Amino acid sequence: MIELRAFAPADAVSVASWIDSLEALITWSGNTGFTWPFDARQLSAFHASDPSRRCHVAVGPDGTPVGHVLLRTEPSGRSVRLGMVLVSPAVRGRGYGEAMVEAALGEAFASPAIQRVNLGVYSHNAGAMRLYERLGFRTESVDPKATCVAGAWWASTTMSLPRDAWRSHAT
Ligand SMILES: CC(C)(COP(=O)(O)OP(=O)(O)OC[C@H]1O[C@@H](n2cnc3c(N)ncnc32)[C@H](O)[C@@H]1OP(=O)(O)O)[C@@H](O)C(=O)NCCC(=O)NCCS
């Protein structure tokens, strides 16, 4: 259905065009430091600034980018942080998000050292949380004051998928 390939600078314009508001930007990128209005230059500079981030786009059968996801091995070397999960608004609700995260998990756990994949999701982002729960992620903790957006605190939920749970989900 989709394939992951490495993010290329030419993808930045497509991916940036999927973000249509400050709220959408923060929902996607958290406290990454992007500013609104968002543009392709910010995304290219972000990806170029740290090669330890493995940035991918998901492409559909015709090669068109439909999603974006990032993997970063955490300092312990035993876990991977999954982040910046985004599907083009034009194609949401067709299973691309689930397929993309599933492919990213396959890549993360391909390294035998990796015992766990972690992620953060704003607690009101019910659709994203349902997606992660379908793939076996469970809540680890909640930070009630993760990010202040237009004067209101957004809570953030840390979710985690241990290797064993990923295996049993996959079988
Ligand atoms: C969260 C996000 C990545 C999900 O992507 P998506 O491609 O819509 O995800 P899926 O299609 O796999 O699942 C979405 C829903 O469509 C349903 N679905 C999947 N395939 C379907 C199909 N063929 N027909 C009908 N419904 C379908 C899923 O069951 C799911 O239903 P639910 O919301 O009731 O749980 C996307 O909404 C997004 O980019 N949001 C903005 C950024 C964001 O919130 N990122 C997460 C940050 S942590």
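Our structure is the block above this text.
Residues numbered from 1 in each chain as written. Predicted model: local features only at pLDDT ≥ 70, side-chain atom pairs only at ≥ 80, totals over all residues. Heavy atoms only, no water.

**A word on the layout of surface pockets**
Point 1. Put simply, the largest pocket is a space of about 1100 Å³.
Point 2. Those elements giving two or more residues to the lining of the largest pocket turn out to be α2 (22-29), β3 (65-73), β4 (79-87), α4 (96-109), β5 (116-122), α5 (126-134), β6 (138-149) and β7 (152-162). (1 Å grid on protein atoms, 1.4 Å probe; cavity = no way out; pocket = protein on both sides within 12 Å on 5 of 7 lines; lining within 4 Å. Points joined across faces, edges and corners; volume = space filled by probe spheres on them. Helix = DSSP H or I, 4+ residues; strand = E, 2+ residues; numbered from the N terminus.)

**Quick notes on helix α3 (residues 40-49)**
Point 1. Of all the residues in α3, the buried ones are A40, Q42, L43, F46 and H47. Down the axis of α3, the smallest arc covering the buried residues is 160°, so these residues share one side. Along α3, exposed side chains directed more than 90 degrees from the buried face belong to R41, A48 and S49.
Point 2. Of the surrounding secondary structure, the elements contacted by the buried residues of α3 are α1 (12-17), α2, β2 (53-59), β3 and β4. (Buried < 20%, exposed > 50% of the residue type's maximum accessible area, 1.4 Å probe, protein only. Arc of directions from axis to C-beta. Contact = heavy atoms within 4.5 Å.)

**A word on the sheet that holds β3**
Point 1. Ordered by their spatial adjacency, seven strands build an open sheet running β1-β2-β3-β4-β5-β7-β6, and the pairing between neighbours is mixed. Every other strand in the sheet has two partners, leaving β1 (3-6) and β6 as the edge strands with one partner each. Put simply, the sheet's adjacent strands are angled 30° from each other on average, direction ignored.
Point 2. With seven bridges connecting them, β2 and β3 associate as antiparallel partners. Residue pairing in the sheet places R54 in a bridge with L71 of β3.
Point 3. Along the sheet face, α3 touches β2, β3 and β4 and points at about 30° away from the line of β3.
Point 4. Docked against the sheet, α4 engages β1, β2, β3, β4, β5 and β7, running at close to 160° with respect to β4. (Pairing = 2+ DSSP bridges. Axes fitted to C-alpha atoms, helices over the stretch in contact; angles between N-to-C directions.)

**Details of the packing of aromatic side chains**
Point 1. Applying the stated criterion across every chain, the model contains seven aromatic pairs.
Point 2. With centroids separated by 5.1 Å and ring planes inclined at 65°, the aromatic side chains of F34 and F46 adopt a geometry described as edge-to-face. Of this pair, F34 sits in the loop between α2 and α3 while F46 sits in helix α3, placing them twelve residues apart in sequence.
Point 3. Given a relative accessible area of 15%, F34 falls into the buried group.
Point 4. Pairing Y132 with F137 gives two aromatic rings, centres 5.8 Å apart and planes at 65°, and the pair type is edge-to-face. An identical accessibility class is assigned to Y132 and F137; each is buried.
Point 5. Among the aromatic side chains, those forming a connected cluster through ring pairs are W28, F34, F38 and F46. (Phe/Tyr/Trp six-rings, centres within 6.5 Å; stacked < 30°, edge-to-face > 60°.)

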